[in-house]
Amino acid sequence: MPHRRRRIVSTAVLATALSAAAALTVAAAPATSASAAPAAPVRHSGGPPAASQSYNGQALTPPMGWNDWYQYGCNVTQADVLANAQALVSSGLARLGYKYVNLDDCWMAPTRAADGSLQADPTTFPNGIAWLATQLHHMGLKLGVYESFGVTTCQGRPGSYGHYQQDADTFASWGVDFVKFDYCGLPPGGVTSASLEADYQQMSQDLVATGRPIVYSQELPIAAGDANPSNANYLPYIAYSSEIANMWRVAPDLTTNFDSTIFGHLAADLPLASYAHPGAWNDLDMLLTGNTSYNWTVQQQETQMSIWAEMASPLIDSSDLSSMTAATKEILGNKAVVAVDQDPLGKQGQLVAAQNGVDVVAKPLADGDVAVLLANTASTPEQVSTTAQAAGLPHAGAYTVQDLWAHTTRETAGTITATVPAESALLYRVAPARAPAASRYAPLTNVSVSPDVPALYTGSQFAVAQPGQTISVPATFLNDGREPVTRASLALTGPSGWVTGTPVSARIVGTGGELDGNWQVTVPAGTAAGSYTLTATASYGWGPRRTGSAADQASVVVDVPPTGMPYLDQLSWLSAENGFGPVGIDENYYGGPLTIHGVVYAHGLWVNSVATLYYYLGGNCTQFTADLGLDDSDKGTGAVVYEFYADGTQVYDSGVVTNSTPTIQASVNVTGAQVLELYVGEGNGTINYGNADFGSPQLTCNS
Ligand code: GLA
């Protein structure tokens, strides 16, 4: 299979990535701090963290607040900042800890003043930064500003290079409480790993020297080439950052692709747990709760917040809070989740197991509880089972398991089984309990259902049923509770006419016991293509006379093979991932017609590398043809490569395609294939404008 790990950037980060890649001349030799030991272990004392653990006494818990960048970009104004600050206060979020109001790039004027000092952009921040700080302080909030270590910021405003102490003093005199120090605008002489470390440390010291308490946040680890952990400088930079800064970015900017960006950041952060401690935090970048350009679902936003809290990352939201929805307020305002993040013990979650694509992460808390994160990186719901002991809890007769989003508390004898939705996370707070006390709570139970739809070909991620097909659907009910459950019954339901068979039942299901059923499900002839839901539901009794239930849902994808000579824009794909924005159907990213070298295509697709599209052929087609080339709207230095696969076997490779490559007429034999995969990768190995078209992409199929 081709490159499965996609690297995806938005155009907003392009400039940073390119400038970083182009000018970086960092020596490969590990920096002096390479051998720096991770922070000394914190004693599980339960008391408040000692300020001495923080190099500057700041950020004893991860900083919380707001930043303008992902919502406003370079257009942010003083009025926007004040409106968001008001919202933090009136919503009660400030009281919960969201106190830092951070200006990102572009707050400063395009040039420094005559004496070399920074000044606010006169158009967007007419009253200046000192005034703004006073306003925020009166509201009980704090002010953060942004700068870069280099000669310019990422947006080309004046950088701090050559002005570190002057800028630190300016910030202190304005009443600034937080400084984010980016990695952009490399100085003309280039940099080495030693010079970079010296620069970031210099700013750290210059801020301390002002005498004002200022949180120092920086992006040194990003300098090591896209924060790639395989880069020799990456870990040394993390180690070094943990000694000189309160927080440091561990991964590139967030992209619009939820799955790769959120789970990619988690994967990057998991090995870094030992560097986090009170005063020093691995920074996963901002929360996008409520952000209207990203528009993640509630489940996705809860997942991000769960991961950030488990990993003790700063919680700095980037959205328009002045128009926040009830959902945004509820997510950011989830006290139990915030408490996990802000736990005074200051431990970051650590990976204790990985099962079925689910990461089991445990974060010890000051009161002896453990926050357990179950993060499912897979594109299907997955069942996972762990134990209180694996999570680091001491032996106990029973445990309570608090679901921090569902707001339920259950008891378990020790095993914790859960079905985690696709590309989502669950967050539990687990505590030892005395057995009698635990029996007040309903037992922790779980249902899982997994239709046995065969994969379309060996190794395919797609399982598709056809109308008329009969599949078996096993389901299981489990009792993890210390208490037995009684009169248990497990039933399967689905669309009308699909399910045959009756519920299964058991008089009693004890600790660790299960109840299994298996149903025959027939997709009726004539069923339209689509996704259909099956639900397995268990109901049972517990305690003297309480009742409980648990359920799980699974979807069955039904598809019908194409016939005749359809263009791909007329078909639905099995799945599509695009490097930036949605796949364009009959239009390019900008809404214009698909055009390759002046030829306009009425039928076609626009993608941005790296993109992967899968189409269901059902063995019914013989040929695929398309015109290939970069869209004429791409005036950049785009370079892509097109690769096609029939049931996982490569059937086409375009080689590198740039703006000057003549239009390619591709024609491939797809006889008998179940699935056609169209992959568009980066042609020159760099993040770049790869705006690639498929002109008149057409299948030849049996009727
Ligand atoms: C970089 C940083 C972002 C943001 C922008 C501003 O990309 O990583 O967080 O500060 O610069 O230009």
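Things to note about the nonpolar core
In terms of nonpolar packing, the biggest core is built from 108 residues, with Trp107, Ile129, Met305 and Ile307 touching the most fellow members. At six residues, helix α8 (residues 234-244) tops the list of elements feeding residues into this core. Non-local contacts of Met305, meaning those with residues more than four positions away in its chain, are made with Tyr98, Leu287, Leu315, Ile331, Leu332, Val337, Val338 and Trp405. Core analysis: the second largest hydrophobic core is formed by 31 residues, Val607, Tyr642, Ala666 and Leu676 among them.

Observations concerning the site of the ligand
Taken together, 12 residues surround the ligand, and among them Asp104, Asp105, Lys180, Asp182 and Asp253 come closest. One nitrogen or oxygen atom from the side chain of Lys180 is found 2.8 Å from an oxygen atom belonging to the ligand. Protein chains shield 99% of the accessible area of the ligand, which is 310 Å² for the free molecule.

A look at the pattern of salt bridges
All chains considered together, the criterion is met by 11 salt bridges. In this structure, Arg212 and Asp177 form a salt bridge, with 2.5 Å as the shortest nitrogen-oxygen distance. Linking Arg212 in the loop between α7 (193-209) and β5 (215-218) with Asp177 in the loop between α6 (164-174) and β4 (178-182), this pair joins segments that are 35 residues apart in sequence. On the basis of relative accessibility, which here comes to 26%, the residue Arg212 falls in the partly exposed class. Two residues, Arg249 and Asp253, come together in a salt bridge whose shortest N-O distance is 2.6 Å.

Side note on helix α5 (residues 128-138)
Given 3.6 residues to a turn, an α-helix orients residues that are three or four positions apart in the same direction. Looking only at α5, the buried set comprises Gly128, Ile129, Leu132, Ala133 and Leu136. Looking at the buried side of α5, the elements it contacts are α3 (78-91), β2 (100-102), β3 (142-148) and α6. With its phi angle positive at about 80°, Gly140 sits one or two positions after the end of α5.

Describing the sheet that holds strand β25 (residues 546-558)
Taken together, four strands build an open sheet; the order of strands is β22-β20-β24-β25 and the sheet is antiparallel. Only two strands of the sheet have a single neighbouring strand rather than two, namely β22 (504-509) and β25. Ignoring strand direction, the axes of neighbouring strands in this sheet form an average angle of 15°. Where strand β24 (residues 530-542) and β25 come together, 13 bridges link them in antiparallel fashion. When the sheet's bridge partners are listed, Ala536 is paired in β25 with Asp552.

A closer look at the sheet that holds strand β23 (residues 514-522)
Sheet architecture is open: four strands sit in the order β18-β19-β23-β21, paired in antiparallel fashion. At either margin of the open sheet sits one strand with a lone partner, and together these are β18 (445-449) and β21 (499-500). Where strand β19 (residues 470-479) lies against β23, nine bridges are found, and the strand directions are antiparallel. Considered in β23, the bridge of Phe477 is made with Leu515.

What about the environment of Asp320?
Mapped onto the elements, Asp320 comes out in the loop between β8 (315-317) and α11 (326-332). Here Asp320 falls in the partly exposed class, since its relative accessible area comes to 22%. Within polar-contact distance, the side chain of Asp320 engages the side chain of Tyr72 at 3.2 Å. Here the side chain of Asp320 touches Ser322 through a polar contact of 2.5 Å, side chain to side chain.

Digging into the packing of aromatic side chains
If you walk through the whole model with that rule in mind, you get 25 aromatic pairs. Arranged with centres 5.4 Å apart and planes meeting at 50°, the rings of Tyr100 and Phe178 form a pair that is tilted. Taken together, the residues span a long stretch of sequence, with Tyr100 in strand β2 and Phe178 in strand β4 at a distance of 78 residues. Among the residues examined, Tyr100 registers a relative accessible area of 12% and is labelled buried. In this structure Phe178 comes out as buried when scored by relative accessible area, which is 3%. Among the aromatic residues, those joined into a ring-pair cluster are Phe149, Tyr161, Tyr164, Phe181, Tyr183, Tyr200 and Tyr216.

Quick word on the state of the cysteines
Think of a disulfide as a covalent bridge from one cysteine sulfur atom to another cysteine sulfur atom. Evaluation of the coordinates by the stated rule reveals three disulfides. A disulfide bridge connects Cys74 with Cys106, and the sulfur atoms are separated by 1.8 Å. The disulfide joining Cys74 to Cys106 has a torsion of about -80° about its S-S bond and is therefore left-handed. Note that Cys74 is positioned in the loop between α2 (69-72) and α3 and Cys106 in the loop between β2 and α5, a separation of 32 residues in sequence. Note on cysteine connectivity: Cys154 is disulfide-linked to Cys184, with sulfurs 2.0 Å apart. Because the torsion about its S-S bond is 100°, the bridge between Cys154 and Cys184 counts as right-handed. Within this pair, whereas Cys154 is found in the loop between β3 and α6, its partner Cys184 is found in the loop between β4 and α7, the two being separated by 30 residues in sequence. The class for Cys184 is buried, based on a relative accessible area of 3%. Ordinal numbering of bonded cysteines along the protein defines a disulfide pattern of 1-2, 3-4, 5-6.

A few points about the packing of α3 against α5
Running from amino to carboxyl end, α3 crosses α5 at an angle of 15°, the nearest separation of the two axes being 11 Å. The orientation of α3 with respect to α5, classified from their angle, is roughly parallel. Note that α3 runs across α5; the crossing there is right-handed. Every residue of α5 that contacts α3 at Gln78, Val81, Leu82 and Ala85 is listed here: Gly128, Trp131, Leu132, Gln135 and Leu136. Counted by class, the contact of α3 with α5 contains six nonpolar, three polar and no charged residues.

Quick word on the pairing of strand β34 (residues 649-658)
Bridge count between strand β33 (residues 639-646) and β34: seven bridges; the pairing is antiparallel. Its bridge partner lying in β34, Ala639 is registered against Thr658. Between β33 and β34, which follow one another and run antiparallel, lie two residues, and Asp647 among them has a positive phi close to 50°.

Concerning the packing of α6 against α7
As a packed pair, α6 and α7 sit with axes 9 Å apart at the nearest point and diverge in direction by 40°. The orientation of α6 with respect to α7, classified from their angle, is oblique. Here α6 runs over α7; the crossing is right-handed. Seen from α6, the contacting residues are Tyr164, Gln165, Asp167, Ala168 and Phe171; seen from α7, they are Asp199, Gln202, Met203, Asp206, Leu207 and Ala209. Its residues assigned to classes, the contact of α6 with α7 comprises six nonpolar, two polar and three charged.

What counts and what doesn't
- Residues numbered from 1 in each chain as written.
- Predicted model: local features only at pLDDT ≥ 70, side-chain atom pairs only at ≥ 80, totals over all residues.
- Heavy atoms only, no water.
- Core = buried A, V, L, I, M, F, W, Y, C linked by side-chain atoms within 4.5 Å.
- Buried < 20%, exposed > 50% of the residue type's maximum accessible area, 1.4 Å probe, protein only.
- Helix = DSSP H or I, 4+ residues; strand = E, 2+ residues; numbered from the N terminus.
- Contact = heavy atoms within 4.5 Å.
- Near = heavy atom within 4 Å.
- Polar contact = N/O pair within 3.5 Å; in protein donor to acceptor, adjacent residues only side chain to side chain.
- Areas by Shrake-Rupley, 256 points an atom, 1.4 Å probe, with all protein chains shown as cover.
- Salt bridge = Lys/Arg side-chain N within 4 Å of Asp/Glu carboxyl O.
- Pairing = 2+ DSSP bridges.
- Axes fitted to C-alpha atoms, helices over the stretch in contact; angles between N-to-C directions.
- Phe/Tyr/Trp six-rings, centres within 6.5 Å; stacked < 30°, edge-to-face > 60°.
- Disulfide = S-S within 2.5 Å.
- Parallel < 35°, antiparallel > 145°, perpendicular 65-115°, else oblique.
- Left-handed = near helix turned anticlockwise from the far one by under 90°.
- Nonpolar A, V, L, I, M, F, W, Y, C, P; charged D, E, K, R; others polar.

By themselves, these are just geometric observations and shouldn't be taken as functional.
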